[in-house]
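Given next are the chains, with one letter for each unit.
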Amino acid sequence: MVARVIATMLTYPYLRAKVMLQSTYGNAKAHEKPTIPQMIAEQLSTGGVWGLYQGIGPELTRGVFSAALMMMVKEKIGVIVKAMIDGNNNSGRIQAHQQKR
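The following refers to the structure shown. The model shown is predicted, which means the values in this text are computed figures rather than measured ones.

So, empty space enclosed by the protein
Applying the stated criterion across every chain yields a total of one cavity of 30 Å³ or more. Reported here for the largest cavity is a volume of approximately 40 Å³. Every residue along the wall of the largest cavity is listed here: Met1, Arg4, Val5, Thr8, Glu59, Leu60, Gly63 and Val64. Contributions of two or more residues to the lining of the largest cavity are made by helix 1 (2–25) and helix 3 (56–100). No other element matches the four residues that helix 3 contributes to the lining of the largest cavity.

Right under this line is the structure:
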């Protein structure tokens, strides 16, 4: 979970610049739009460090909920698989017990 937060903090300025370029310049020709590093520099000069990380709260919240959901699903699958394995082992024990009779 901590690694995901760190990764998001490191990559967020790049992702934000990419989205800003796509939404601002859309289908403009390549020579007409700035590069991602230029967009990051523009965000830094106009908004400072806060400008780079503007809107990161919802992104971190989404990431935490996503990780929590994946962990919950993993646990549920683990319980189901364990029950299936235990069920197979129990049925084998029952059959062995019945054969002894």
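Structural notes on the pattern of salt bridges
Pairs can form between side chains of opposite charge whenever their charged atoms are close. Applying the stated criterion across every chain, the model contains three salt bridges. Between Arg62 and Glu59 there is a salt bridge, with its nearest N and O atoms 2.7 Å apart. Linking Arg62 with Glu59, this pair stays in helix 3, spanning three residues, or about one helical turn. Among the residues examined, Arg62 registers a relative accessible area of 44% and is labelled partly exposed. Notably, a salt bridge pairs Lys74 with Glu75, separated by 3.7 Å at the nearest N-O pair. Taking the relative accessible area as the measure of exposure, Glu75 reaches 47% and is therefore partly exposed.

Calculation criteria
Residues numbered from 1 in each chain as written. Predicted model: local features only at pLDDT ≥ 70, side-chain atom pairs only at ≥ 80, totals over all residues. Heavy atoms only, no water. 1 Å grid on protein atoms, 1.4 Å probe; cavity = no way out; pocket = protein on both sides within 12 Å on 5 of 7 lines; lining within 4 Å. Points joined across faces, edges and corners; volume = space filled by probe spheres on them. Helix = DSSP H or I, 4+ residues; strand = E, 2+ residues; numbered from the N terminus. Salt bridge = Lys/Arg side-chain N within 4 Å of Asp/Glu carboxyl O. Buried < 20%, exposed > 50% of the residue type's maximum accessible area, 1.4 Å probe, protein only.

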